[in-house]
Amino acid sequence: DFDMVVASAHRSPEKVKQWIGHCEKSGIEVIIAGAGGAAHLPGVVASHTLLPVIGLPLDTSTLGGRDALYSVVQMPPGIPVATVGVNSAENAVLLALHILAIKYADVRDKLAQFRSSMLGKIERQNADVVAEIARICRGEAGLTPAPAAQKKTPAEVAAAPGSDPSSLMRATAKAGAAGSTAAH
């Protein structure tokens, strides 16, 4: 279960205080506070409670969320806020679940299942990237094939005159996407 409210540290500070009191009285155990721009909400929330607060910096300005990230991550000593990446709501939820998993075995079990599913997904993405690179090395992607006696690395194939490096870039992009997907 979760509870959600839209409030501003600057424009509705009393609402923020009331909501924090509600959280503590209703048994909420972790708070995720998303904020853009100056991003003071996570710090203000943390200053009013002993519950763990996860700050979620949001990209709401011309600075691409960097302003929010810096505001959330640079909390003064004594008022900690765990911080995830800009717009990383999924990681904020996962971090909250990890905190809850300390106490709740069923949450821990579901997180373990989730991690296992991530491994399977990464293994499938890895197999796809390896197959794409092998296809490129065999010359099946419009690249000039290497002579049988002279094996070349994927980078050498891509650099060969007349080759189409976009295939290797796509394979590399897939590899990067696989890593990014695992991190989200």
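Residues numbered from 1 in each chain as written. Predicted model: local features only at pLDDT ≥ 70, side-chain atom pairs only at ≥ 80, totals over all residues. Heavy atoms only, no water.

**Section: the environment of V16**
The cut-off we apply is this: Every helix listed is a DSSP run of H or I at least four residues long, and every strand listed is a run of E at least two residues long, numbered separately from the N terminus. Residues are treated as being in contact if the distance between any of their heavy atoms lies within 4.5 Å.
Tracing the chain through its elements places V16 in helix α1 (residues 13-26). A sequence separation of 11 residues divides V16 from V5, and the C-alpha atoms of the two residues are 8.8 Å apart. Those residues in contact with V16, other than ones at most four positions away along the chain, are A7, S8, A9, L41, V44 and V45.

**So, the environment of R108**
We count it as follows: Relative accessibility thresholds used throughout: buried, under 20% of the residue-type maximum; exposed, over 50%; partly exposed, between the two (1.4 Å probe, protein chains only).
You can see R108 is positioned in helix α5 (residues 105-137). Residue R108 is classed as partly exposed on the basis of its relative accessible area of 41%. Dropping the residues within four chain positions of it, R108 is found in contact with A101 and I102.

**Concerning the pattern of salt bridges**
Between side chains of opposite charge, a pair can form when the charged atoms approach closely. Under the convention used in this document: Salt bridge, as used here: a side-chain nitrogen of Lys or Arg that lies within 4 Å of a carboxyl oxygen of Asp or Glu.
Tallying each qualifying case throughout the model produces two salt bridges. With its nearest N and O atoms 3.1 Å apart, the salt bridge here joins E29 to K103. On the criterion of sequence distance, the pair formed by E29 in the loop between α1 and β1 (31-36) and K103 in the loop between α4 (89-101) and α5 is long-range, its members being 74 residues apart. Under the relative-accessibility criterion, E29 is labelled partly exposed at 26%.

**Quick look at the pairing of β1**
As a reminder of what qualifies: Looking down the strands as they point away from you, a crossover is right-handed if its path from the first strand over the helix to the second goes clockwise.
Of the two faces of β1, the one holding I31, A33 and A35 is buried and the one holding I32, G34 and G36 is not buried anywhere. For the crossover that starts at β1, traverses helix α2 (residues 41-47) and ends in the parallel strand β2 (residues 53-58), the hand is right-handed.

**Structural notes on helix α3 (residues 66-73)**
This is how it is decided: By definition, the arc is the one covered by directions from the helix axis to the C-beta atoms.
The complete set of buried residues in α3 reads D67, A68 and V72. The buried residues of α3 occupy an angular sector of 125 degrees when projected down its axis, which confines them to one face. Buried-residue contacts for α3 involve β1, α2, β2 and β3 (82-83).

**A short note on the nonpolar core**
Here is the rule we go by: Only buried residues count toward a nonpolar core, which is a set of Ala, Val, Leu, Ile, Met, Phe, Trp, Tyr and Cys residues joined through side-chain atoms within 4.5 Å.
One finds I31, L41, V45 and V53 to be the most contacted residues of the largest nonpolar core, which totals 16 residues. The set of elements that each furnish at least two residues to this core consists of α1, β1, α2 and α3. Of all the elements, α1 adds the most residues to this core, at four residues. The contact partners of V45, leaving out residues within four places of it in the chain, are V16, I20, I31, A33 and V53. Ranked by size, the runner-up nonpolar core spans six residues in total, among them V30, L56, V84 and A92.

**Considerations on the packing of α4 against α5**
Where we set the bar: For helices, the fitted line uses only the C-alpha atoms of the stretch in contact; every axis is such a line through C-alpha atoms, and the angle between N-to-C directions lies from 0 to 180 degrees. If an angle is under 35 degrees, it is roughly parallel; if it is over 145, roughly antiparallel; if it lies from 65 to 115, roughly perpendicular; otherwise it is oblique. By the definition used in this description, the sense in which the near helix is turned from the far one sets the handedness, with an anticlockwise turn below a right angle giving left-handed and a clockwise turn giving right-handed. Residues were grouped as follows: Ala, Val, Leu, Ile, Met, Phe, Trp, Tyr, Cys and Pro as nonpolar; Asp, Glu, Lys and Arg as charged; and all remaining residues, including Gly, as polar.
Where α4 contacts α5, the axes come no closer than 8 Å and their chain directions differ by 135 degrees. When the interaxial angle is binned, α4 and α5 end up oblique. Classified by chirality, the crossing of α5 by α4 is left-handed. Along its contact with α4, which presents E90, L94, L97, H98, L100 and A101, the element α5 presents V107, R108, L111, F114 and R115. Residues belonging to the contact of α4 with α5 are distributed by class as follows: seven nonpolar, one polar and three charged.

**Digging into α5**
The following threshold applies: Multiplying 1.5 Å by the helix residue count minus one yields the expected span of that helix.
Over its 33 residues, α5 extends 48 Å from the first C-alpha to the last, a length consistent with the 48 Å expected when each residue adds 1.5 Å. Following α5 by one or two positions, G139 has its phi on the positive side, about 85 degrees.

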